[in-house]
Amino acid sequence: MITAVAFTRRHDRQDARAWTIEAIRRIEADANRSADTHLHVFPLPPQWGVDLYLKDESVHPTGSLKHRLARSLFLYGLCSGWIREGTTVVEASSGSTAVSEAYFARFLDLPFVAVMPAATSQEKIALIEAQGGSCHLVADPTTVYDRARQLAADRDGHYLDQFTYAERATDWLGNNNIAESIFEQMALERHRVPTWIVVGAGTGGTSATIGRHVRHRRSTTRLCVVDPEHSVFYASWASDPAAFTGRPSRIEGIGRQRVEPSFVPDVIDRMFQVPDAASIATMRVVRQLTGRSVGGSTGTNVWGSLMLVAEMLSRGERGSIVTLICDGGERYRATYYDDAWVRRQDLELAAYTDAVLTFLDTGVLADPVTGEGTVSAPDRSAVR
Ligand SMILES: *Cc1c(COP(=O)(O)O)cnc(C)c1O
């Protein structure tokens with residue numbers, strides 16, 4: 001005999017399942033309406049025999065590679081039974097992640113709260129609010145994670161926790177993840193298996209997906225992670241604590257003050273640090289040469305890639321390198337693209353700008369500090 005209570009419970013569970021099915025349909029439908037992101041050719045002299053490609057993650061509906069992460073975190077939460085009808089969804093993020101998550105929360109008619117430092121710019125708050133999210137500001141930036149977890153608990157909600165779940169929410173085997181997409185888009189190129197894929201690390205999720213995927217494909221492609229000057233990731237990976245200044249990164253989206261749980265060091269073949277002036281000088285050169293306005297972490301990626309190109313040239317190697325446009329430059333008009341901001345940060349771009357432009361012209365990459373060279377990327381890959 002089925003009691004009324006048992007019947008009601010089962011009925012509720014069926015309702016809950018119907019809601020989850022509809023939620024997943026809406027997220028998959030967003031992906032189904034979206035095109036894959038382009039793989040642009042970055043202009044290098046063809047006779048070099050080395051080709052550089054930029055995968056343009058700025059063209060996602062929410063403007064950055066965090067669109068992929070937000071989609072994965074929502075699907076992970078839904079399929080794990082953590083996100084249900086009416087669940088308040090919470091994240092600790094002042095940046096692109098919150099913008100993308102607010103977009104998906106709105107699709108599912110769920111309240112979304114971004115917990116962020118009180119110093120977060122009005123522009124960013126406006127972007128999140130424009131997607132229907134709300135912002136919870138805290139005075140002490142180090143407390144955002146605990147505050148987000150607490151807020152979710154208080155409201156019987158779900159803390160998405162990008163820094164913990166990025167590496168496991170993404171399907172690294174396939175499902176048109178960023179790595180699989182790169183390999184498919186390279187299929188008709190003259191060097192179709194990249195020698196290097198070059199990315200930065202914020203959560204570490206993108207590098208984890210790529211590093212695992214290339215192993216599973218039994219590919220020879222190696223993964224290089226470029227880290228900004230103020231970040232603990234390189235120091236941790238290279239077991240060189242002195243390499244971390246302890247200061248927060250100035251390159252938005254990459255570089256952290258703590259080694260995030262989603263950072264998977266053992267799939268990284270090589271890492272090196274990139275000075276902030278190099279990142280910002282290079283992002284401006286990319287805009288000048290390609291007409292595409294890109295963000296700061298893209299400058300880091302391209303600087304690192306050019307170092308590897310220089311190294312391949314000096315060894316007479318041919319091949320291809322793929323890196324990412326992580327987001328567009330519109331978000332950084334008042335910072336990286338503003339000369340007054342750059343001066344206030346005591347950053348000297350000219351030597352790096354000259355180094356990149358001269359390299360593209362002559363194939364000689366001189367050390368921007370000493371003017372000598374050809375420099376090659378500092379290499380600690382021996383330890384891995
Ligand atoms: C998050 C982010 C990155 C780094 O990606 P992860 O997968 O989090 O390591 C790079 N650039 C920008 C602009 C980002 O927002």
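Here the structure is a predicted model, which is why all the values come from computation and not from measurement.

**What to know about the sheet that holds strand β8 (residues 222-228)**
Then comes step 1: Spatially, the six strands line up as an open sheet ordered β1-β2-β10-β7-β8-β9, and their pairing is mixed. Taken across any chain shown, the strands that pair with only one partner, and hence form the sheet edges, are β1 (39-42) and β9 (270-274). Put simply, the sheet's adjacent strands are angled 25 degrees from each other on average, direction ignored.
Then comes step 2: Judged from the four bridges that link them, β1 and strand β2 (residues 50-56) form a sheet pairing that is antiparallel. The residue of β2 that forms the bridge with histidine 40 is leucine 54.
Then comes step 3: Against the sheet, helix α7 (residues 178-185) engages β1, β2, β7 (196-199) and β10 (319-325), with an angle of about 135 degrees to β2.

**Remarks on the packing of helix α10 (residues 276-290) against helix α11 (residues 296-314)**
Then comes step 1: For the pair α10 and α11, interaxial distance at closest approach is 7 Å and the crossing angle is 95 degrees. Comparing the axis directions of α10 and α11 gives the class roughly perpendicular. Contact residues: Ala278, Ser279, Thr282, Met283 and Val286 in α10; Gly296, Gly299, Thr300, Val302 and Trp303 in α11.
Then comes step 2: Residues of the contact of α10 with α11, tallied by class, amount to five nonpolar, five polar and no charged.

**Remarks on the UniProt feature "modified residue: N6-(pyridoxal phosphate)lysine" (unreviewed entry) in the chain**
Then comes step 1: Taken from the UniProt record, the annotation "modified residue: N6-(pyridoxal phosphate)lysine" (unreviewed entry) applies to Lys66.
Then comes step 2: On the secondary structure map, lysine 66 appears in helix α2 (residues 66-79).
Then comes step 3: Note on lysine 66: relative accessible area 13%, which makes it buried.

**Topic: the domain arrangement of the chain**
Then comes step 1: Split into domains, the chain comes out as domain 1 (33-61 + 173-383) and domain 2 (65-167).
Then comes step 2: Here the C-alpha centre of domain 2 lies 27 Å away from the C-alpha centre of domain 1.
Then comes step 3: With 28 residues of domain 1 at the contact, the number on the domain 2 side is 18 residues.
Then comes step 4: Across the interface of domain 1 and domain 2, roughly 1,800 Å² is buried in total on both sides, 50% from carbon and sulfur atoms.
Then comes step 5: Remark: the boundary between domain 1 and domain 2 carries three salt bridges.
Then comes step 6: Arginine 212 is paired through a salt bridge with glutamate 167; the nearest N and O atoms lie 2.9 Å apart.
Then comes step 7: Considering only residue class, the side of domain 1 that touches domain 2 consists of seven nonpolar, 10 polar and 11 charged.

**Let's talk about helix α5 (residues 144-154)**
Then comes step 1: For α5, the set of buried residues is Val144, Tyr145, Ala148, Leu151 and Ala152. End-on, the buried residues of α5 take up no more than an arc of 130 degrees, which puts them together on one face. Exposed and oriented more than 90 degrees from the buried face of α5 are Asp146, Ala153 and Asp154.
Then comes step 2: If you follow the buried residues of α5, they end up packed against β3 (89-92), β4 (112-117), β5 (134-138), β6 (158-159) and α6 (162-169).
Then comes step 3: Trailing α5 by a residue or two, aspartate 156 shows a phi angle of about 55 degrees, which is positive.

**Remarks on the site of the ligand**
Then comes step 1: Residues in close proximity to the ligand total 16 residues, the closest being Lys66, Gly202, Thr203, Thr206 and Ser297.
Then comes step 2: Threonine 203 places a polar side-chain atom, nitrogen or oxygen, 2.7 Å from an oxygen atom of the ligand.
Then comes step 3: Interatomic distance of 2.7 Å between a side-chain N/O atom of serine 297 and a nitrogen atom of the ligand.
Then comes step 4: Protein burial of the ligand: of its 380 Å² of free accessible surface, 96% is covered by the chains.
Then comes step 5: By residue class, the composition of the shell around the ligand is four nonpolar, nine polar and three charged.
Then comes step 6: Lining the shell around the ligand are residues from two domains, each supplying at least three of them: domain 1 (33-61 + 173-383) and domain 2 (65-167).

**Describing the UniProt feature "domain: Tryptophan synthase beta chain-like PALP" (unreviewed entry) in the chain**
Then comes step 1: Cross-referencing UniProt, the feature "domain: Tryptophan synthase beta chain-like PALP" (unreviewed entry) maps to residues 43-327 in the present numbering.
Then comes step 2: Along residues 43-327 one finds 40% helix and 16% strand; the C-alpha atoms at either end are 20 Å apart.

**With respect to the packing of α11 against helix α13 (residues 350-362)**
Then comes step 1: Running from N to C, α11 and α13 point in directions that differ by 40 degrees, and their axes come no closer than 12 Å. The orientation of α11 with respect to α13, classified from their angle, is oblique. For the crossing formed where α11 meets α13, the hand is left-handed. For the pair α11 and α13, the contacting residues are Trp303, Leu306, Val309, Ala310 and Leu313 in the first and Tyr352, Val356, Phe359 and Leu360 in the second.
Then comes step 2: For the contact of α11 with α13, the residue count by class is nine nonpolar, no polar and no charged.

Reading guide: rules and limits
Residues numbered from 1 in each chain as written. Predicted model: local features only at pLDDT ≥ 70, side-chain atom pairs only at ≥ 80, totals over all residues. Heavy atoms only, no water. Pairing = 2+ DSSP bridges. Helix = DSSP H or I, 4+ residues; strand = E, 2+ residues; numbered from the N terminus. Axes fitted to C-alpha atoms, helices over the stretch in contact; angles between N-to-C directions. Contact = heavy atoms within 4.5 Å. Parallel < 35°, antiparallel > 145°, perpendicular 65-115°, else oblique. Nonpolar A, V, L, I, M, F, W, Y, C, P; charged D, E, K, R; others polar. UniProt positions renumbered as here; feature names shortened; annotations may be inferred. Buried < 20%, exposed > 50% of the residue type's maximum accessible area, 1.4 Å probe, protein only. Domains from an automatic or database assignment. Buried area = accessible area lost by both parts, 1.4 Å probe. Salt bridge = Lys/Arg side-chain N within 4 Å of Asp/Glu carboxyl O. Arc of directions from axis to C-beta. Near = heavy atom within 4 Å. Polar contact = N/O pair within 3.5 Å; in protein donor to acceptor, adjacent residues only side chain to side chain. Areas by Shrake-Rupley, 256 points an atom, 1.4 Å probe, with all protein chains shown as cover. Left-handed = near helix turned anticlockwise from the far one by under 90°.

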